[in-house]
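Examination of the molecular architecture
Next come the chains, spelled out residue by residue.
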Protein chains: 2
Amino acid sequence: MTRADAIDLALVGVGKIARDQHLPAIAADAGFRLAATASRSGGVEGVENHAELDALLAARPDVAAVSLCQPPQARYEAARAALLARRHVMLEKPPGQTVAEVQALADLAAAQGVTLFATWHSRHAAGVAPARDWLASRPARRVRITWQEDVREWHPGQTWIWQAGGLGVFDPGINALSILTAILPGPVRLTAADLHVPTNCETPIACDLVFAGAEGLSVEARFDFRWEGPPRWDIEVETDAGLLRLAKGGAALELDGAPQRLEDPGEYPDLYRRFGELIAAGASDVDLAPLVLVADAFLLGRRLPAEPFHE
Amino acid sequence: MTRADAIDLALVGVGKIARDQHLPAIAADAGFRLAATASRSGGVEGVENHAELDALLAARPDVAAVSLCQPPQARYEAARAALLARRHVMLEKPPGQTVAEVQALADLAAAQGVTLFATWHSRHAAGVAPARDWLASRPARRVRITWQEDVREWHPGQTWIWQAGGLGVFDPGINALSILTAILPGPVRLTAADLHVPTNCETPIACDLVFAGAEGLSVEARFDFRWEGPPRWDIEVETDAGLLRLAKGGAALELDGAPQRLEDPGEYPDLYRRFGELIAAGASDVDLAPLVLVADAFLLGRRLPAEPFHE
């Protein structure tokens, strides 16, 4: 089903998220052809693999686009190398380890005249665009975010999450913030944060956040990795004109208690559709807002000791 | 020496920095007239004082500009109130507690059509502009920043520095980062940070930072509040074409070992001159870069326990 004019794409970092999401989405997208991978731990059956991205870029000038889904610690150098080689770049979330490095990549992409797409996959969940449209005419008064999942089930072996810069529970929590900043018409700012950090880890296992927005809007968020039941990825928004509830990470939407029927292309298929659209338009899409809110939480937040975590 | 067309200005927060720097600078600037103060702990002899800024704004519609130098925890609400009342606003550094709140203020100022000036006083030290000009044609290879001062001497009684959001040693250290980002032609990004946090405090008493910039530029910074001698506020820049050394917080400049003769209007007089210039031009000046680098240090940095601090 690949089109004759499909863009040759390389995938960098063939881990869990690549196999679970990126490879099926690329296979289903007629606009992209998986031309190569870069991975030190083995690539994909039947696809050319290079241990290093630099070697791939040198060997394959025909690869016009690169999708990066390795852990964020290594993403900046890879993105920079690809942009310098004038390839279009798509970044998994979070787009980097720091705000400044993502801004630098955005500036570099603009200077090189190529597309940079800093993705927030949760913004492509089926309920998010309808939620944004519904809230456009109904001012939000109060938002409650509950983002609770069992880290042992959802992040097995991801030790980098617990290292400084690895975000801890903000790794999933930033998905909630990416939805929040997409559905509200105005910005929010963090006013208080409690970060619960296991005494043997460098990043939080849970947090409580408070944000404020325009006209008395208040937002409370609870992120928790210690939850052992089925995950809860819920956002409730009270407005003067009714209640909105996003559940299942944005895939389900209720308006005043009534479940909505939603079109659902899938988050990652919609990401690649959007990447193709940006490339065709010669545009970039780099929204730093979710990462800024996380950086602000680390800047402003109180750190409270929590029980040691052992996987 | 005040001009007939001088702008009536209110000063908010009459503490150490106001008395040491702002009041003398305002008194010496013919373009501003100190019309009122807002302070709960008493104002300035012979000048109308209000306990609350809201009361001042209501009572004095003639006050066209407001300079905020209370601790950063209270600055956002005050700035927002002043901007909503269509007054020009000057912010002491740091301009806020979070990146998002300063961005929100910049957006509000633009919407209101008034000036917002987020000041970085160290950028107005006498050596900074000549350093920037000298480095414009001499690519920097290596930068060493040493910012060491005795917190008991320079921040007596400033307990807010040790509370979450109070920045700790980044309160002076952000001055160094404001100079760094002013004298280099390109951006830098943080790549590693060690934050030394006293076991009885929430913010660092010392830190070691590493940054990278364009073309192999590396920057190392050491901030330390535990230094007991005369302060060291030094920045050394190695280039292919010689060595630049800023000392005394930017007030002294050496090029290849030769001390430079500098014009020195003083940091705060130059800040108010610039504020007047921005108001006249209908422009704002809000550079988030130094605060972003600090937020990135909290986001990416390792926290290491340090000896308890007792003032």
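Residues numbered from 1 in each chain as written. Chains lettered and ligands numbered in written order. Predicted model: local features only at pLDDT ≥ 70, side-chain atom pairs only at ≥ 80, totals over all residues. Heavy atoms only, no water.

Our focus in this paragraph is unusual backbone geometry. Residues and elements named next belong to chain A. Going from K93 to P94, the amide bond is cis rather than trans, its omega being -10°. Here P94 is to be found in the loop between β5 (88-91) and α4 (99-112). Not every positive phi belongs to a glycine, and L167 is a case in point at roughly 80°. On the basis of relative accessibility, which here comes to 5%, the residue L167 falls in the buried class. Unlike most non-glycine residues, D256 shows phi in positive territory, near 50°. (Helix = DSSP H or I, 4+ residues; strand = E, 2+ residues; numbered from the N terminus. Buried < 20%, exposed > 50% of the residue type's maximum accessible area, 1.4 Å probe, protein only.)

Turning to the domain arrangement of chain A, a few remarks are in order. Residue and element names in this part refer to chain A. Parsing chain A into structural domains produces domain 1 (3-118) and domain 2 (125-260 + 295-306). Just the C-alpha atoms count here: the centres of domain 1 and domain 2 sit 28 Å apart. Tallying the contact residues gives eight residues for domain 1 and 13 residues for domain 2. Linking domain 1 with domain 2 are one salt bridge, by the criterion used here. In this structure, the salt-bridge partner of K93 is D171, at a minimum N-O distance of 3.9 Å. In this structure, the connection of domain 1 to domain 2 is made through two residue pairs in polar contact (both at pLDDT 80 or more). For the side of domain 1 that touches domain 2, the class distribution of residues is four nonpolar, two polar and two charged. (Domains from an automatic or database assignment. Contact = heavy atoms within 4.5 Å. Salt bridge = Lys/Arg side-chain N within 4 Å of Asp/Glu carboxyl O. Polar contact = N/O pair within 3.5 Å; in protein donor to acceptor, adjacent residues only side chain to side chain. Nonpolar A, V, L, I, M, F, W, Y, C, P; charged D, E, K, R; others polar.)

For the rest of this paragraph, the subject is the pattern of salt bridges. Taken as a whole and judged by the stated rule, the model has 50 salt bridges over all chains. One salt bridge in this structure joins R40(A) and E52(A), with 3.2 Å as the shortest N-O distance. Remark: E52(A) occurs in the loop between β3 (49-50) and α2 (53-59) and R40(A) occurs in the loop between β2 (32-38) and β3; sequence separation between them is twelve residues. Classification of R40(A) by relative accessible area gives exposed; the value is 70%. R60(B) is the partner of D62(B) in a salt bridge, and the nearest nitrogen-oxygen pair spans 2.8 Å. Look at D62(B) and you get partly exposed, because its relative accessible area is 37%. Assessed through its relative accessible area of 15%, R60(B) is described here as buried. Connected via shared salt-bridge partners are R144(A), R232(A), D234(A), E236(A), E238(A) and R245(A).

Okay, the packing of helix α1 (residues 16-28) of chain B against helix α8 (residues 267-281) of chain B next. For any two helices packed against each other, one specifies the crossing angle of their axes together with the interaxial distance. Residue and element names in this part refer to chain B. Taken N-terminus to C-terminus, the directions of α1 and α8 make an angle of 55°; their axes are 8 Å apart at the nearest point. In terms of orientation, α1 lies oblique with respect to α8. α8 is crossed by α1, and the crossing has right-handed handedness. Between α1, through I17, Q21, H22, A25 and I26, and α8, the contact on the second element is made entirely by Y268, P269 and Y272. (Axes fitted to C-alpha atoms, helices over the stretch in contact; angles between N-to-C directions. Parallel < 35°, antiparallel > 145°, perpendicular 65-115°, else oblique. Left-handed = near helix turned anticlockwise from the far one by under 90°.)

The next subject is the packing of aromatic side chains. Under the counting rule described, the total for this entry stands at 16 aromatic pairs over all chains. Ring centres 5.0 Å apart and planes at 75° place the aromatic pair W154(B) and W233(B) in the edge-to-face group. Placement of W154(B) in helix α6 (residues 151-154) and of W233(B) in strand β11 (residues 232-239) is noted, with a sequence separation of 79 residues between them. In this structure W154(B) comes out as partly exposed when scored by relative accessible area, which is 32%. A network of ring pairs unites the aromatic residues F32(A), F117(A), Y272(A) and F275(A) as a single cluster. (Phe/Tyr/Trp six-rings, centres within 6.5 Å; stacked < 30°, edge-to-face > 60°.)

Before going further, it helps to spend a moment on the pairing of β2(A). Residues and elements named next belong to chain A. With five of its seven residues buried, β2 lies for the most part within the structure. Bridging between strand β1 (residues 7-12) and β2 involves six bridges; their strand directions are parallel. Within β2, the position partnered with D8 by the bridge is R33. Handedness of the β-α-β unit built from β1, helix α1 (residues 16-28) and β2 comes out right-handed. One ladder, built from two bridges, connects β2 with β3; its direction is parallel. The residue of β3 that forms the bridge with A38 is H50. (Pairing = 2+ DSSP bridges. Right-handed = clockwise from strand over helix to strand, strands pointing away.)

Now for the UniProt feature "domain: Gfo/Idh/MocA-like oxidoreductase N-terminal" (unreviewed entry) in chain A. In the UniProt entry, the feature "domain: Gfo/Idh/MocA-like oxidoreductase N-terminal" (unreviewed entry) is given for residues 9-117 of chain A. As annotated, residues 9-117 of chain A comprises 40% helix and 21% strand, and the C-alpha atoms at either end are separated by 14 Å. (UniProt positions renumbered as here; feature names shortened; annotations may be inferred.)

Opposite the 26 residues of chain A that make contact, chain B presents 26 residues. For the pair chain A and chain B, the summed buried surface comes to about 2300 Å²; carbon and sulfur atoms form 65% of the total. Area buried by chain A at its contact with chain B is led by R189(A), L299(A) and L300(A), which between them contribute 29% of it. Our enumeration of links across chain A and chain B arrives at two salt bridges. R189(A) is paired through a salt bridge with E77(B); the nearest N and O atoms lie 3.3 Å apart. (Buried area = accessible area lost by both parts, 1.4 Å probe.)

Put simply, the two copies of the chain differ by a rotation about an axis and a shift along that axis. Under the fitted operation, chain A is carried onto chain B by 0.0 Å of movement along the axis and a turn of 180°, and the coordinates agree to an RMSD of 0.0 Å. The transformation just described matches what one would write down for a two-fold rotation axis. Most of the interface of chain A is mirrored in chain B, where 100% of its interface residues again form contacts. (Least-squares fit on C-alpha atoms with pLDDT ≥ 70 in both.)

Turning to the sheet that holds strand β6 (residues 116-118) of chain A, a few remarks are in order. Residues and elements named next belong to chain A. Spatially, six strands are ordered β3-β2-β1-β4-β5-β6 in an open sheet, and the strand pairing comes out parallel. In this open sheet, the two strands that pair with only one neighbour each are β3 and β6. Looking at chain direction, β1 and strand β4 (residues 65-68) are connected through four bridges and run parallel. Paired with V12 across the strands is L68, a residue of β4. This element, helix α8 (residues 267-281), spans β1, β2, β4, β5 and β6 of the sheet and lies at about 150° to β5.

Let us look at empty space enclosed by the protein. All names here are of chain A. Within the structure shown, the criterion is met by one cavity of 30 Å³ or more. Put simply, the largest cavity is a space of about 40 Å³. Lining the largest cavity, in full, are V151, H155, G157, Q158, T159, I161, W162, F309 and E311. Taken together, the residues that form the lining of the largest cavity break down as four nonpolar, four polar and one charged. (1 Å grid on protein atoms, 1.4 Å probe; cavity = no way out; pocket = protein on both sides within 12 Å on 5 of 7 lines; lining within 4 Å. Points joined across faces, edges and corners; volume = space filled by probe spheres on them.)

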